[in-house]
Amino acid sequence: MDQESTYDVAIVGGGHNGLTSACYLAMAGKKVVVVEALPKVGGMCSSGAIIPEAPNHTINSCALDVMSMRVHPMVPEELELARHGFIQKEMSPGYVYVHPDGNTLVFFRDIEDTIAEIGRYSKADAEQYRKLMEVVFAFIDMALPQMRADPARFNFGAKLASLTALLKNIGRKSEIMSLVSSPAHTSIMERFEHPVVQSALCCLLGAAGPIKNEATGIYFALLGFVQKFGIGRAMGGMQSISDALASRLRELGGEILVNEPVAEIISKNKKVSGIRLKSGKIIHAAAVVATIHPKQTFEMVSEGEIDHKSLTRVQLAPANAHGGSPIKVDVALNGQINYRELEEKRGDGLSLRKSVLLIGTVEAVLDNFKSAAQGRVSKLPYLWITAPTAMDPSQAPDGQDVAYLYPVAMPLDPLEGWDAIREQVGQQVIDWAAVYMNGLKEFEIGRTMEVARDWEQRLNVHNGCVIHIDTCTTRTGGMRPAADLGGDTLPVEGLFFGGAGIHPGGGVNGMPGRLAASRVKRYLS
């Protein structure tokens, strides 16, 4: 590449949203380049052999489950990603709750099967679940059209679809408002009586954030998505999604630069003109899409070009603001794990090997978030565990596994600092998982562990927040990432956000990148 080059659009960040945006722009005939700081594309949607002792074991280094892309399937369909190697398969069953006493509760794809499963513990709870899901599905039917639309546009079709859903469920309006405006924990405890059912729902919804906070009832959308759309896995690992997008982009004539960190988004007189790379190269462009965190984006813009108010708003936008964050421990194994005792206790012949197991109790979920906010690691286990190789054996040598261990709420900044407790916590996580995951300790070849501060450094994301901006009612639509910054114009002309920090938010679906592309096309027309 020459020291100076010219494109219609330069995209900062080669994660799946950046690649998605580039594909749509290239389809529209624009000359596009994606600039990625790391040696390969993918960002949080990546996988590879990263444990030195296990060079043939694929580690999904951040995201794993394919749910959001099943809720919003437009990107893989419109970009024809199947032609470029993207294959997903549904997990069945997907999520399975495990109580400390060894009882399990399966969230089946078929809601009637889930209701029957809950009925094993409480007939009253089973009936309550049916009623709850009627409200949740009504909420989703109203919300989905808006999630798929640009909040900066009038969107007559989306508004009509939402209004139609509202009128269809007008009798449930007060129930819906009560549900989404209340703490998720309250809504669970007031409806359900059995500790297994209560704990299962708390463990599931806790993945979205602290369930005792006000207005966290929106987290029930996660439950609705699980029931309505199911959970999938990308065959070959999450890198297959990013690689398929990269292949499609190259087919469309787009370009990708890797190992090229961006030093500056060049702006003069409140209008961007391109980007300057740390290598000294200059890329001239009429528009720049930044799919990295909004805070890092504004801090890259030429000094003095972003006003103090806008800069402060993105700097203080909530990103793991409750003081907690997931961490991840991956373990390469020279044998296969099993859940024999759990399966035997069920007695119905159901295999749990391909599922994600949710470990914890109501008390554990609450204590993990409370402890994390205080800079402490809870003594009560709350984590999600799975073996990706059970769904896709190609990710390890024959007869071997990879374990993916995901504690949901660990301190962002422990009082002692992560350097002091990293090894201890990593072992604690493995000890917790090994209670249920037979073979985890015996078959270990090697492990790797990352915490939020590692993601912050490696992926250039503020506070290591995997969804960029926390999920809450005040950070949706045109208010995401912040007031006056969620529309199709920013303080400098020609600059566009395109990552998880804008509508509709986090998750591997490509929708923010797709939205950014539509805004850029309008700007350049």
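Data block above holds the structure.
Just so we're clear, the structure is a prediction, and the values are computed from it rather than from any experiment. (Residues numbered from 1 in each chain as written. Predicted model: local features only at pLDDT ≥ 70, side-chain atom pairs only at ≥ 80, totals over all residues. Heavy atoms only, no water.)

1. Some remarks on the nonpolar core
To keep it simple, the criterion reads: Residues belong to one nonpolar core when they are buried, are Ala, Val, Leu, Ile, Met, Phe, Trp, Tyr or Cys, and are joined through side-chain atoms within 4.5 Å. Three exposure classes are used, based on accessible area relative to the maximum for each residue type with a 1.4 Å probe and protein chains only: buried under 20%, partly exposed in between, and exposed over 50%. In this text, helices come from DSSP runs of H or I with a minimum length of four residues, and strands from runs of E with a minimum of two, each type numbered from the N-terminal end. Whether two residues touch is decided by their heavy atoms; if any such pair falls within 4.5 Å, the residues are in contact.
With 64 residues, the main nonpolar core has F107, L205 and L223 as its most contacted residues. When residues in this core are grouped by element, the largest group, 13 residues, is from helix α5 (residues 123–147). The contacts of F107, once residues within four sequence positions are left out, are G94, Y95, T114, Y129, A200, L201, L204, L223, V226 and L358. Counting residues in each nonpolar core, the second largest holds 35 residues, with L342, L352, A390 and V429 among its members.

2. Description of the sheet that holds strand β14 (residues 328–333)
Hydrogen bonding along the main chain pairs the strands of a sheet, whether they run parallel or antiparallel. Threshold: The pairing criterion is simple: DSSP has to find at least two bridges between the two strands. Only C-alpha atoms enter the line fits that serve as axes; for helices the fit covers just the stretch in contact. Angles between N-to-C directions range over 0 to 180 degrees.
With mixed pairing, the seven strands of this open sheet are ordered in space as β7-β6-β15-β16-β17-β14-β19. The open sheet has two free edges, formed respectively by β7 (104–107) and β19 (444–450), since each of these has just one partner strand. For this sheet the average axis-to-axis angle between neighbouring strands, irrespective of direction, equals 20°. For β14 and strand β17 (residues 401–407), the ladder comprises five bridges, and the chain directions are antiparallel. Bridge pairing in β17 places A332 opposite V402.

3. Re the pattern of salt bridges
Put simply, the rule is: For salt bridges, the criterion is a side-chain nitrogen of Lys or Arg within 4 Å of an Asp or Glu carboxyl oxygen.
Counted by the stated rule, this structure contains 31 salt bridges. Note that E112 and R130 form a salt bridge whose closest N and O atoms lie 2.8 Å from each other. Placement of the pair is E112 in helix α4 (residues 111–119) and R130 in helix α5, with a sequence separation of 18 residues. Residue classification places E112 among the partly exposed positions, given a relative accessible area of 41%. The network of salt bridges with common partners includes E80, R83, R248 and E251.

4. Here we look at the environment of K345
Note the following rule: The term polar contact refers here to a pair of N or O atoms within 3.5 Å; inside protein, the definition further demands a hydrogen-donor-capable atom paired with an acceptor-capable atom, and it admits residues adjacent in sequence only when both atoms are side-chain atoms.
Looking at the secondary structure, you find K345 in helix α14 (residues 340–346). A relative accessible area of 47% places K345 in the partly exposed class. K345 sits 51 residues away from P294 along the chain, and the two C-alpha atoms are 48 Å apart. Apart from the residues within four sequence positions on either side, K345 is in contact with D101, G102 and N103. At 3.1 Å, the side chain of K345 and the backbone oxygen of D101 are in polar contact.

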